[in-house]
Structures are given as structure tokens and as C-alpha cells.
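Chain by chain, the residues run as shown.
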Amino acid sequence: MTSTSIAFLDLPIVPDAAPLSTALLRQFDVAGPRYTSYPTADRFVDAFDADDYALALQGRRDAGASAAPLSLYVHIPFCESLCYYCACNKIVTKHHEKATQYLAYLAREVRLQVAQLGRGTTVSQLHLGGGTPTFLNDAELSQLLAMLHEAFDFLPGGERSIEIDPRTVDAARLAHLASLGFNRLSFGVQDFDPDVQKAVHRIQPAHQVFDLMAEARALGFKSINVDLIYGLPRQNEASFERTMAQVCELRPDRIALYAYAHLPERFKPQRRISADELPDAAARVRMLARAVDTLTEAGYVYIGMDHFALPDDPLAVAKREGRLHRDFQGYSTQPDGDLVALGVSAIGRIGATYSQNAKTIEAYYDLLDQEHLPVVRGLALSRDDVLRRAVIMALMCRGHVNFDAMGEAHRVDFRHYFVTEFAALGPLAAQGLVRMTDHDIDVTPQGWFVVRAIAMVFDRYCRENRTRFSRVV
Ligand code: SF4
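Residues numbered from 1 in each chain as written. Predicted model: local features only at pLDDT ≥ 70, side-chain atom pairs only at ≥ 80, totals over all residues. Heavy atoms only, no water.

**A closer look at the state of the cysteines**
Under the definition given, this model contains zero disulfides. Here cysteine 88 stays free of any disulfide, with the sulfur of cysteine 86 as its closest cysteine sulfur at 4.0 Å. For cysteine 88, a relative accessible area of 14% translates into the label buried. (Disulfide = S-S within 2.5 Å. Buried < 20%, exposed > 50% of the residue type's maximum accessible area, 1.4 Å probe, protein only.)

Right, here's the structure in full:
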């Protein structure tokens, strides 16, 4: 639903945080990944194929009852109209009959996955993303859920979330989602300003979102999220301040505030955006700083990289209690575990592997026609990858790494293994962004502003990779 542009700024709201320093933000305005996985998806290789994925699934089945419950992700690629900032994998069409065919292929994929996993695998979490999941009508959504229920064993009370394009739902549709067991919603808002909405070709009057929010609350949905983007065309400090004021009035439980990355050579829809209409780097930094102030004053807690939540939201509670995790959707309260991803271009994680389905619908359908799992690339993580993933996620989720515990868990002499990284952390420590002792690394309140830069020190692929990511301010 939202841009998958790669943002870099990390803005903490912690009680003893120093004031947000635009100089610091500018200093660390370099390209970097979001670390929804490590290694990041650009490291996936074609050599990892459907057979490797099937082996990973079998490994999970062999683990039997000791395997933790599964998460499921279903990608619905269709959108009715094109948002010009979009960097997602989607198919823009008004032909709703395409959904019927897609569901038939999803059913084939589920059957092939279950053949490896075994029927009745326990599922604790379901997420529908896109594209626009609500491109499916009520009957199709029911059909999809029935298909999943037949193949998997859903734990009662599990998290069921869906991305919502406010232009595609009304009160009755929200009620239908509730009846299907969905309990989390994420609204794609981006900006309330009519002129900005026009410039990005996504017109959705504010009252529509306010009405839907009221309906969603009345229906009992929890942890309702709103996605916003700063750096869009025709946005300026005054207009974005008005949007942020409206967002505070709307008072979602969670807010994701992403940076728009203008990469028209990579993402074709962005060629319809005039670069002249984009706010400049200095304006973007000020917009961001002001948005952070506004959210803080409104009582929101900074969770980490782009995410905010009300203090009593489970995400904020998990942050306080050091139980935060990170998955492909961003921060999560669910423990790290296996994720089966269904649909075109979907990315999954099983054991120490990542896998991605065919990126075009033609290739996805073609593989399923041949009764093949549609995985076309992925990665089997090395021991080094697994260790670095643990370090990076510990920094990003808890802002803390204990050398002895981490070394013991991964059977390495931590201090010796990361001698180069410790040297690279030196300048960051001198700047007061991390605190290092003989036993630990801690991210300081100032360091949370740029926690991704700290995590990047432990990313062995990052240096060669930097040019693949965008600058954002
Ligand atoms: S609604 Fe579709 S086109 Fe618009 S941002 Fe989401 S995925 Fe992209």
C-alpha cells in the first residue's frame, strides 16, 4: 500500500533524548536499508530455488511440535489506480475478474506448500498486503480465508491484519473484515492535503478516513495504524503541519512516517512526479523534525525507524519491556519465527533461509501451472549472516548488545570476531551515539536518531551495496 522507499532517518522519542538535531540528521544522510531482513532482499540469489525452499519446509515439518507457530503473509497485487509515488509490486487494473483467477492460483500455491509442510500447521499471525488487499470483494475475501482455514490451524486470538486503501472500503466492508476475524487495520493515508493528493494521484478526502476510523473503532479493531509519507510533491512545512495536526486529531494507535525516495529511473510511476515540485532537502529535514515534535507533544512514543505508537499500544509496551521484534512489515510484537509468504513476489522466511516468489504474475502462474512452488530466488543464511542478523536486530529493537550472551548463543568470541566493527564504532562512540564497555554496546538517546547507521556497521554487505539504496533527505 505504501511506498517501499528506503528511508534512513531514525528518530527516537525517549524521555532523556536530546533535542532533535538537524545537523546530526544531515551528517548521517547516507543510503541505507530498513533491515526488515538481514541480509536484505537485494542479496538474494537465483541459485536458491524452489527445491531449496521445499527442503526448508520439510525441515520445519520434521521439527514437529517443537516448531513455533507460523506466520502467514498473502500478497494481493492488484490496485484500481496508480499512486505516482508507488514503489510496490502491483498491477493496476479495473478488471476485477482478475482476482478470481488469482485466487485460483493462490489455492494451488497453498496446496503445494501444504504438501511440504503437512496439513494443519499452527498459525499465529496472518497479514494481507499488496497492492490493495481490499481489491478483493467480500465474497473473495471470504473465499481466501476459507482456503487458508482449510489448510492451516489458526490459533484463537491470533493477530490478523490487513492493509486498507480508504478509497476501497466502507462501513459494511469493515464489518465484513471483522466478521472474518481481522483485528488489525493499517490505513494508507500519506497526506491529507488535497493539493498533495492531486500531485500523487491519490484523492481521498480526510472526512472519509475519519469516518472509517470511527467505524473501525466501533467494530473493535485494535492497534489501528496510519501510514504517512513526507517529502511528497507540493508538500511544504505548513501543509505538512496541517496534516500532522489532523493525524493527531484522528489519533490512530500507531503511525508509520516514511520518507519518500524519488527514484524515477527505478520506479516507473514516479516519472509522473515533477522533481520541481518536491520539497528540498532542508525543507524535508524541517518537516520531519516538526512532525516528530508534533507527535511527541501529542503523546506518541517513538518505537524505532519510522514508527510511533500510543503508550498503551502493545508495540509501545513491547518496546518498554524489551520484547520488540522486526519482520518484513516492520516492528512487531510477535516473536521471530517462520513466515510462509503466498502470492506473486511475496518474501518468506523459514529457518535460516529467505525466499521470494516470481515477481511477475505471468511467471508466477506459469510455475504453478507446472505444479512447481513459485519460488525463484532466496538465500540460505551462513553462520555469519545469522550472527549479524541477531546483532543488527538487537540494536534496532532493543538498542543493546551483550557480547558474552551473543557470543555464547552463536559460539564465537564476540570481541575477536567483530574487531573491525568495534574500530568502526569508535567515531560513533566519540560522538556520543553509542556507549561501549568491555561487555556491551548501548545505543544512546542521541544514537537512536541514527540507529540504522549503527546497525550498518555490522552489515558486511553494506559497503558494496550502498549505491543501491536511496538518499532521502
Ligand atoms: S495503492 Fe497500489 S499504487 Fe497506490 S501505493 Fe499502494 S500499491 Fe502502490
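**Considerations on the sheet that holds strand 19 (residues 440-443)**
Either a parallel or an antiparallel arrangement is found when strands of a sheet pair, and the pairing is made through backbone hydrogen bonds. Read across the open sheet, the three strands follow the order 17-19-18; overall the sheet is antiparallel. Only two strands of the sheet have a single partner each, and these edge strands are strand 17 (400-402) and strand 18 (434-436). Across the sheet, the axes of successive neighbouring strands diverge by a mean angle of 10°, strand direction being ignored. As defined by bridge partners, strand 18 adjoins strand 19 across three bridges and the pair is classed as antiparallel. Following the sheet pairing, valine 434 is matched in strand 19 by valine 443. Of the strands in this sheet, strand 17 and strand 19 touch helix 13 (residues 403-410), which is tilted by about 65° from strand 17. In this fold helix 15 (residues 419-430) packs onto strand 18 and strand 19, with an angle of close to 125° to the strand it touches most, strand 18. (Pairing = 2+ DSSP bridges. Helix = DSSP H or I, 4+ residues; strand = E, 2+ residues; numbered from the N terminus. Axes fitted to C-alpha atoms, helices over the stretch in contact; angles between N-to-C directions. Contact = heavy atoms within 4.5 Å.)

**Looking at the environment of glycine 220**
Within the secondary structure, glycine 220 sits in the loop between helix 7 (206-218) and strand 7 (222-230). Accessibility expressed as a relative area gives 34% for glycine 220, which makes it partly exposed. Residues glycine 220 and alanine 352, 132 residues apart in the sequence, show an inter-C-alpha distance of 37 Å.

**Topic: the pattern of salt bridges**
In the structure shown here, the tally under the stated rule is 21 salt bridges. Of the charged contacts in the structure, one is a salt bridge between arginine 173 and aspartate 138, with a shortest N-O distance of 2.9 Å. Taken together, the positions of arginine 173 in helix 5 (residues 171-179) and aspartate 138 in helix 4 (residues 138-151) put the pair 35 residues apart, joining distant regions of the chain. Residue classification places arginine 173 among the buried residues on the basis of a relative accessible area of 14%. On the basis of relative accessibility, which here comes to 26%, the residue aspartate 138 falls in the partly exposed class. A salt bridge links arginine 415 to aspartate 404; its shortest N-O distance comes to 3.1 Å. (Salt bridge = Lys/Arg side-chain N within 4 Å of Asp/Glu carboxyl O.)

**Focus: the environment of proline 194**
One can find proline 194 in helix 6 (residues 194-199). A sequence separation of 11 residues divides proline 194 from proline 205, and the C-alpha atoms of the two residues are 7.4 Å apart.

**Quick notes on the packing of helix 7 against helix 8 (residues 237-250)**
Closest axis-to-axis distance for the helix 7/helix 8 pair is 11 Å, and the angle between their directions is 20°. Here helix 8 runs roughly parallel to helix 7, going by the angle between their axes. In this structure, the crossing between helix 7 and helix 8 has a hand that is right-handed. Where helix 7 abuts helix 8, its residues Ala206, Val209, Phe210, Met213 and Arg217 lie against Gln246, Glu249 and Leu250. (Parallel < 35°, antiparallel > 145°, perpendicular 65-115°, else oblique. Left-handed = near helix turned anticlockwise from the far one by under 90°.)

**A few points about the packing of helix 3 (residues 98-117) against helix 11 (residues 361-369)**
Direction vectors running N to C along helix 3 and helix 11 enclose 50°, while the axes themselves pass 10 Å from each other. As far as their axial angle goes, helix 11 and helix 3 are oblique. Where helix 3 crosses over helix 11, the handedness of that crossing is left-handed. Seen from helix 3, the contacting residues are Lys98, Gln101, Tyr102, Tyr105, Leu106, Arg108, Glu109 and Leu112; seen from helix 11, they are Ile361, Tyr364, Tyr365, Leu368 and Asp369. The class makeup of the residues in the contact of helix 3 with helix 11 is eight nonpolar, one polar and four charged. (Nonpolar A, V, L, I, M, F, W, Y, C, P; charged D, E, K, R; others polar.)

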